[in-house]
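If you want the building blocks of each chain, they are given just below.
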Amino acid sequence: MKFKFEFEEEMWKKAAFCARCGTCRTVHAEQIEGQETGWQCPSGTNYFFESYYPSGRNYTAVALQRGQLDWSERVVDAIYSCTTCGFCQYTCERINVLKPTDIIRWMRAKAIEAGVGPLPAQRVIAQNLDAYDNPWGQPRTRRTNWTRGLGFKIKDLSKGKEKAEVLFYPGCTYAYDPRITEYIRDTARLMHEAGVDFGILGNAEKCCGSTAFNLGYVKLLEKYGSDNIETFNNLGIKTVVTPCAGCYNTIKNVYAQLGECQYETKHTVVMLAELIEQKMLKPIHPVNTIVTYHDPCHLGRHGKIYDAPREILKSIPGITLIEMNRIREYAFCCGGGGGARTGKLDFALATARRRIKEAEGTGAKLLVTACPFCEQNFLDYMDASGSKLELVDVVKLLKQSIFGEQDEKKKEAG
Ligand code: SF4
Ligand code: SF4
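Calculation rules
- Residues numbered from 1 in each chain as written.
- Chains lettered and ligands numbered in written order.
- Predicted model: local features only at pLDDT ≥ 70, side-chain atom pairs only at ≥ 80, totals over all residues.
- Heavy atoms only, no water.
- Domains from an automatic or database assignment.
- Contact = heavy atoms within 4.5 Å.
- Buried area = accessible area lost by both parts, 1.4 Å probe.
- Salt bridge = Lys/Arg side-chain N within 4 Å of Asp/Glu carboxyl O.
- Polar contact = N/O pair within 3.5 Å; in protein donor to acceptor, adjacent residues only side chain to side chain.
- Helix = DSSP H or I, 4+ residues; strand = E, 2+ residues; numbered from the N terminus.
- Nonpolar A, V, L, I, M, F, W, Y, C, P; charged D, E, K, R; others polar.
- Buried < 20%, exposed > 50% of the residue type's maximum accessible area, 1.4 Å probe, protein only.
- Axes fitted to C-alpha atoms, helices over the stretch in contact; angles between N-to-C directions.
- Parallel < 35°, antiparallel > 145°, perpendicular 65-115°, else oblique.
- Left-handed = near helix turned anticlockwise from the far one by under 90°.
- Near = heavy atom within 4 Å.
- Disulfide = S-S within 2.5 Å.
- Pairing = 2+ DSSP bridges.

Domain boundaries assigned for the chain yield domain 1 (8-117), domain 2 (122-275) and domain 3 (282-413). Counting from both sides, the interface comprises 27 residues of domain 1 and, opposite them, 22 residues of domain 3. Considering only the surface of domain 1 that becomes buried against domain 3, Q31, T83 and Y90 emerge as the three largest contributors, covering 24% of it. Our enumeration of links across domain 1 and domain 3 arrives at one salt bridge. Here K344 ties to D77 by a salt bridge, and the two come within 2.9 Å at their closest N and O atoms. Across the domain 1-domain 3 interface, the total number found is 10 residue pairs in polar contact (both at pLDDT 80 or more). Secondary-structure elements contributing two or more residues to the side of domain 1 that touches domain 3 are α2 (42-47), α5 (87-95) and α6 (100-113). With five residues, the top contributor of residues to the side of domain 1 that touches domain 3 is α2. Here the side of domain 1 that touches domain 3 is built from residues that sort into nine nonpolar, 12 polar and six charged.

With that settled, the discussion passes to unusual backbone geometry. With an omega of -5°, the peptide bond running from G117 to P118 counts as cis. Mapping P118 onto the fold places it in the loop between α6 and α7 (123-132). Look at R20: it is not a glycine, yet its phi comes out positive at around 50°. Tracing the backbone shows R20 in the loop between α1 (11-15) and α2. On the basis of relative accessibility, which here comes to 46%, the residue R20 falls in the partly exposed class. Despite not being glycine, K304 shows a phi value in the positive range, around 60°. If you trace the backbone, K304 turns up in the loop between β6 (289-293) and α14 (307-315).

Here we take up the packing of α14 against helix α18 (residues 394-403). For the pair α14 and α18, interaxial distance at closest approach is 10 Å and the crossing angle is 30°. By the angle between their axes, α14 is roughly parallel relative to α18. When the axes of α14 and α18 are compared, the crossing they make is left-handed. Touching P309, I312 and L313 of α14 are V394, L397 and L398, all from α18.

Take the site of ligand 2 next. The immediate surroundings of ligand 2 are formed by 13 residues, with C41, R57, C82, C85 and C88 found nearest. Breaking the shell around ligand 2 down by element, the ones donating at least two residues are α2, α3 (54-65) and α6. Considered class by class, the residues forming the shell around ligand 2 number seven nonpolar, five polar and one charged.

Within the secondary structure, N214 sits in helix α10 (residues 210-215). By relative accessible area, which is 7% here, N214 ends up buried. Within polar-contact distance, the side chain of N214 engages the side chain of R105 at 2.8 Å. Setting aside chain neighbours within four positions, we find N214 in contact with T84, R105, R108, H298 and G338.

In this section: the pattern of salt bridges. Counted according to the given criterion, the structure contains 26 salt bridges. Measuring nitrogen to oxygen at the nearest pair gives 2.2 Å for the salt bridge that ties R25 to E50. On the criterion of sequence distance, the pair formed by R25 in the loop between α1 and α2 and E50 in the loop between α2 and α3 is long-range, its members being 25 residues apart. A residue is classified by how much of its surface remains accessible, and E50, at 26% relative accessible area, is partly exposed. In this structure, the salt-bridge partner of K266 is E264, at a minimum N-O distance of 3.9 Å. Judged by relative accessible area, which is 16%, K266 ranks as buried.

Quick look at the state of the cysteines now. Inspection of the entire model under this criterion finds zero disulfides. You can see C261 has no disulfide; the closest cysteine sulfur is in C208, sitting 13 Å from it.

Turning next to the environment of R25. Measuring from C-alpha to C-alpha, the distance between R25 and Q40 comes to 5.4 Å, with 15 residues separating the pair along the chain. Once you skip the residues sitting within four places of it in the chain, R25 turns out to touch G38, W39, Q40, C41, E50, Y53 and S55.

So, on to the sheet that holds strand β9 (residues 390-393). Sheet architecture is open: four strands sit in the order β7-β6-β8-β9, paired in parallel fashion. Of all the strands in the sheet, the pair left with one neighbour each is β7 (319-321) and β9. With strand direction ignored, the average angle separating the axes of adjacent strands in the sheet is 35°. Pairing of strand β8 (residues 366-369) with β9, which is carried by four bridges, proceeds in the parallel orientation. In the strand pairing of β9, T369 is matched with D393. Against the sheet, α18 contacts β6, β7, β8 and β9, and its axis sits at roughly 75° relative to β9.

Here is the structure:
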């Protein structure tokens, strides 16, 4: 299965339509609060040179295509200093014909074709995928360690002997990072509690290809996309449920350009909000706290899911949600996407600092989100800075409200 960018042959011509109006650099009129939260492109905000803004990258694309500019370390650095947050695309689609975030991914694919991309520190992602089928270099045999001690057995659908229409696909980051693995255990418990008939692919689960695609490795996307689409279709899966914003956007939107997907894709928060609505899950125990919610870029702007996580929070007695100024389509990025954490950790953490400062300003005790990359990046910054804010996935708060803290402690102990 071959992936083709929309406007593949025309991409650089589209880039030439950039008017350098600067609208994609800052928040829009109704969001203006002050300088501190006024700048919206994480990359331009951090580096402050034209080449690191969407407009500069558009002009770089045109100059490269026309042969007016050669690939150089500086050019590659500018192209890979983008979190693929999608704010420029959201903005420009409303005022012009460009898709600047797609243009950046396309330039990265060109950089790989030319043998100059990605950044040296990011090359390990492709090496790990080749060796282990996950970007983090973890053994395949450890992929399902998170299922141990759950107190119930999850079906392994990979061999076709056990059957279920719902596939829970945790993705590589939740499966392997011990700091956030509890959130997929929480999700499995909630699905079990609600009586959802579901299974997993066990150690046969492979990466969705999202991290590779965001770095420009189109062939790796084609490989993992083809494998996964074939597996999901052959197993008769009707619904793929994933807690990862990157997997969600890739399996739902990018795979649709690769082949026929005979299943629907849901992010965990959508499934959980539906289960609450259908009274299959009843949040009854109060969780008395004040929270603010961070919209992950790949769930929000890329996936257009804004309401479901807020509906879950509103269903939990005792929770007060105080919103930040920049939310939903205007949410500021966590800094962790687009390969930034692997390639440019300083930039990723500087972006996290800006978002956490905004979250702290609400007076909330908890910063709630629903994406493993946001969670990793926020946790790294919080650990280093000693922020008083605590990070939690929305699913953990729901679990506390369903089971109650005492019940839950007993379950963990037993
Ligand atoms: S990418 Fe679009 S919004 Fe941004 S400067 Fe160019 S024309 Fe303006
Ligand atoms: S995707 Fe985000 S970080 Fe990248 S250029 Fe656009 S606004 Fe800036």
